[in-house]
Amino acid sequence: MQYLLLIYRNEAEQAKMDASELQKLTAEYRAFTQSIIQSGNFKAGDALQMTATATTVRVRDGKMLTTDGPFAETREQLGGYYLIEAKDLDEALGIAARIPTAKMGSIEVRPIMVYD
Amino acid sequence: MTPVEIEKIFRDEAGRALSTLIRLVGDFDLAEDALQDAVAVALERWPTTGLPANPRAWLVNVGRNKAIDRVRRSIAFRGKREALTHELLLNASAPCDDDNGMLEDDMLRLIFTCCHPSFAAEVQVALTLRTVCGLTTAEVARGFLVSEDAMAQRLLRAKQKIRLAGIPYEVPDRDALAPRLNGVLAVVYLVFTEGYAATSGEDLMRPDLVREAIRLARLLDALISGRGEIKGLLALMLLHDSRRAGRTTAGGDIVLLEEQDRTLWDRAQISEGLLLVEEALRMPGRPQSYAVQAAIAALHARAPSYEDTDWRQIVGLYEVLLRISPSPVIELNHAAAVAMVDGPARALDLVNALEARGGLKGYELLPAVRADLLRRLGRRDAAREAYLKATAATQLEPLRRYYARRIAEMDRN
């Protein structure tokens, strides 16, 4: 099965990190990504720019409306994702728990819908 | 065979038959539907043919055939999902193994799936009661104070999550077993506590839930050997439940431990509980919370009267509990035991300190314990006020009547 692991964390707190902390986090992410590539679980994954760069689009009555910022204001913001292949939810949860941000933020694990 | 006898067999076997059917057909909903079909056939036939030699195997075999019928019908109607259904037919038509180990594992698989940590605690309890214990949706709904429809929806969503999110139908491996088992035991204990002292309503107890919780713990103890936490929990529940007949009057009023007629206690259940406590405490490793709680219950069970209870040891055991799993509720129980050793004034100090720290905000028994201590100290006005607070805090009718009785007693003297 495929799962999308959505990485949420508090952007403001993350922005306060100093250079050495950031370097450490980057190294942890590199090692984690490498490990799930090697285990064959990795499908895709990216980090996202800050929510300050977001634009939200809606079409109402045929008219496009854009708003500055993310869809919802929340305490933690979406900051990245992994798309993985896992045998079941337990394996997916185990991988999610190893994402470095799981220690300070939250990882939402969502199964990918299959059409048959 | 009478319908009542058949009903009892369904109750005993439904969970196990379902657990094997789920493995064979690979789908929760299909297995449930197929089992219902099999039960319908049994209700028709068993009254005349008599009970089959192995009712569970009979239900599994008939259920498996019914599942195959259902899948064939849906292929004919929809003509899709062929690859999947082929696989299902292959699995399902494999001979039903009589290997007992495999069948026992099925039951564990079902329990661990229902108690999967990706479900909210309430959902774990509801799923377990419905599928493992075989309670009807209406019976489960009653425990949660929701309508049958709402509960049916909740169960449906949970079963969808099992399928769509890929919750595995398996017993966790060695490394994951201990934390997952703790989750399962927490569910069993939740079922028990709701049955032992309901949160609301006319009746103090729901013996059906207590019976299911004890049955589940026995099953777990038989299926997973050598786990002190299971034995401890089973002992705890047996010892608490042994007092059932003494806990209420014929009219449904509460009788507190200090006033209970101890000859009404279930001696056989107490002996079994005492043996299990011993076993649990002898297990290697640090003492487990359930076992220590059971040891406290054991001291009550062995005591000839309330006054002649080993309160000093009970206080000591609460202190052990506070070290292994500290909680404000245990602190409150500790304070109540201290009242019996060092007097109500010392206990009231502890309760006041606990309240000041704010750890028990909203806990409905806090004003009740306070009220009791104040009454014993002869501080009538403060006690009355606390009993009124306790009355407002509970939704359980027998408790409200008990507080009213205490107030009336004080006003008389």
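Look up a bit, the structure's there.
In what follows, the accompanying structure is described. Just so it is clear, the structure is predicted and the values come from calculations on it, not from any experiment.

Calculation criteria
- Residues numbered from 1 in each chain as written.
- Chains lettered and ligands numbered in written order.
- Predicted model: local features only at pLDDT ≥ 70, side-chain atom pairs only at ≥ 80, totals over all residues.
- Heavy atoms only, no water.
- Helix = DSSP H or I, 4+ residues; strand = E, 2+ residues; numbered from the N terminus.
- Buried < 20%, exposed > 50% of the residue type's maximum accessible area, 1.4 Å probe, protein only.
- Contact = heavy atoms within 4.5 Å.
- Areas by Shrake-Rupley, 256 points an atom, 1.4 Å probe, with all protein chains shown as cover.
- Lys, Arg positive; Asp, Glu negative; His and termini not counted.
- Charge placed at Lys NZ, Arg CZ, Asp CG, Glu CD.
- Buried area = accessible area lost by both parts, 1.4 Å probe.
- Salt bridge = Lys/Arg side-chain N within 4 Å of Asp/Glu carboxyl O.
- Pairing = 2+ DSSP bridges.
- Axes fitted to C-alpha atoms, helices over the stretch in contact; angles between N-to-C directions.
- Parallel < 35°, antiparallel > 145°, perpendicular 65-115°, else oblique.
- Left-handed = near helix turned anticlockwise from the far one by under 90°.
- Core = buried A, V, L, I, M, F, W, Y, C linked by side-chain atoms within 4.5 Å.
- Phe/Tyr/Trp six-rings, centres within 6.5 Å; stacked < 30°, edge-to-face > 60°.
- Lys NZ or Arg CZ within 6 Å of the ring centre and 35° of its normal.
- Nonpolar A, V, L, I, M, F, W, Y, C, P; charged D, E, K, R; others polar.

**What to know about the overall build of chain A**
Scanning chain A from N- to C-terminus turns up three helices and six strands. Helices and strands appear in chain A in the N-to-C order β-α-α-β-β-β-β-α-β. Taking the principal axes of the C-alpha coordinates as reference, chain A spans close to 50 × 45 × 20 Å. For chain A, with 116 residues in total, the buried portion stands at 29%. Within chain A, contacts between residues separated by at least 24 positions form 76% of all contacts whose residues are at least 6 apart in sequence. About 7700 Å² of surface is accessible on chain A, with carbon and sulfur atoms providing 56% of the total. Measuring between centres, the 13 positive side-chain charges of chain A sit 1 Å from its 16 negative side-chain charges.

**Some thoughts on the interface of chain A and chain B**
You'll often see interface size given as the accessible area lost when the parts meet. On the side of chain B, twelve residues touch chain A, which itself brings nine residues to the contact. Roughly 710 Å² of surface becomes buried between chain A and chain B when both sides are summed, with 54% attributable to carbon and sulfur atoms. Across the chain A-chain B interface, the total number found is two salt bridges. Note that B:Arg180 is salt-bridged to A:Asp90, the shortest N-O span being 3.7 Å. Sort the elements by how many residues they give to the side of chain A that touches chain B and helix H3 (residues 89–98) of chain A lands first, with three residues.

**Examining the sheet that holds strand E5 (residues 77–85) of chain A**
Sheet strands pair via backbone hydrogen bonds, and the direction of the pair is either parallel or antiparallel. Residues and elements named next belong to chain A. With antiparallel pairing, four strands are arranged side by side in an open sheet as E2-E5-E1-E6. Each edge of the sheet is formed by a strand with only one pairing partner; in this case those strands are strand E2 (42–47) and strand E6 (106–111). Averaged over neighbouring strand pairs, the angle between their axes works out to 20° when direction is ignored.

**Focus: the packing of helix H15 (residues 311–324) of chain B against helix H16 (residues 328–342) of chain B**
Residue and element names in this part refer to chain B. Running from N to C, H15 and H16 cross one another at 160°; their axes reach a closest spacing of 9 Å. The pairing of H15 with H16 is recorded here as roughly antiparallel in orientation. Like other packed secondary-structure pairs, H15 and H16 cross with a definite hand, here left-handed. Residues Trp311, Arg312, Ile314, Val315, Tyr318, Glu319, Leu321 and Leu322 of H15 form the contact with H16, whose own contacting residues are Ile330, Glu331, Asn333, His334, Ala337, Val338, Met340 and Val341.

**Examining the nonpolar core**
In terms of nonpolar packing, the biggest core is built from 120 residues, with A:Leu5, A:Tyr82, A:Ile84, B:Leu59, B:Ile111, B:Val188 and B:Leu220 touching the most fellow members. Apart from the residues lying within four places of it in its own chain, the contact partners of B:Leu59 are B:Phe10, B:Glu13, B:Ala17, B:Leu35, B:Ala38, B:Val39, B:Ala42 and B:Trp46. The next biggest cluster of nonpolar side chains, apart from the first, holds 28 residues, and it includes B:Ile254, B:Ala368, B:Ala386 and B:Tyr403.

**Let's talk about the pattern of salt bridges**
Residues and elements named next belong to chain B. In this structure the tally under the stated criterion is 33 salt bridges over all chains. As a salt-bridge pair, Arg406 and Glu259 come within 4.0 Å of each other at their nearest N and O atoms. Here the residue Arg406 occupies a position in helix H20 (residues 397–412), and Glu259 occupies one in the loop between helix H12 (244–247) and helix H13 (267–282), the gap between them amounting to 147 residues. Between Asp372 and Arg375 there is a salt bridge, with the nearest N and O atoms lying 2.5 Å from each other. With Asp372 and Arg375 both in helix H18 (residues 366–376) and three residues apart, the pair spans about one turn of that helix.

**Digging into the packing of aromatic side chains**
Residues and elements named next belong to chain B. Per the counting criterion, the structure on display carries eleven aromatic pairs over all chains. Between the aromatic rings of Phe10 and Trp46, the centroid separation amounts to 5.7 Å while the plane-to-plane angle is 40°, which identifies the pairing as tilted. In this pair, Phe10 is assigned in helix H1 (residues 3–25) and Trp46 in helix H2 (residues 28–49), connecting sequence segments 36 residues apart. Per residue, the accessibility class of Phe10 equals that of Trp46, and both read buried. In this arrangement the basic side chain of Arg243 is found over the ring face of Trp265, its NZ or CZ atom lying 5.8 Å from the centre. For the cation-ring pair, Arg247 lies above Tyr196, with the distance from its terminal atom to the ring centre recorded as 3.6 Å.

**Quick look at the packing of H18(B) against helix H19 (residues 380–393) of chain B**
Residue and element names in this part refer to chain B. Across the interface, H18 lies against H19 with an axial gap of 8 Å and an inter-helix angle of 160°. Between H18 and H19, the crossing angle belongs to the class labelled roughly antiparallel. The interaxial crossing formed by H18 with H19 has left-handed handedness. The segment H18 lies against H19, with Pro367, Ala368, Ala371, Asp372, Leu374 and Arg375 engaging Ala382, Ala383, Ala386, Tyr387, Lys389 and Ala390. Here the residues of the contact of H18 with H19 sort into nine nonpolar, no polar and three charged.

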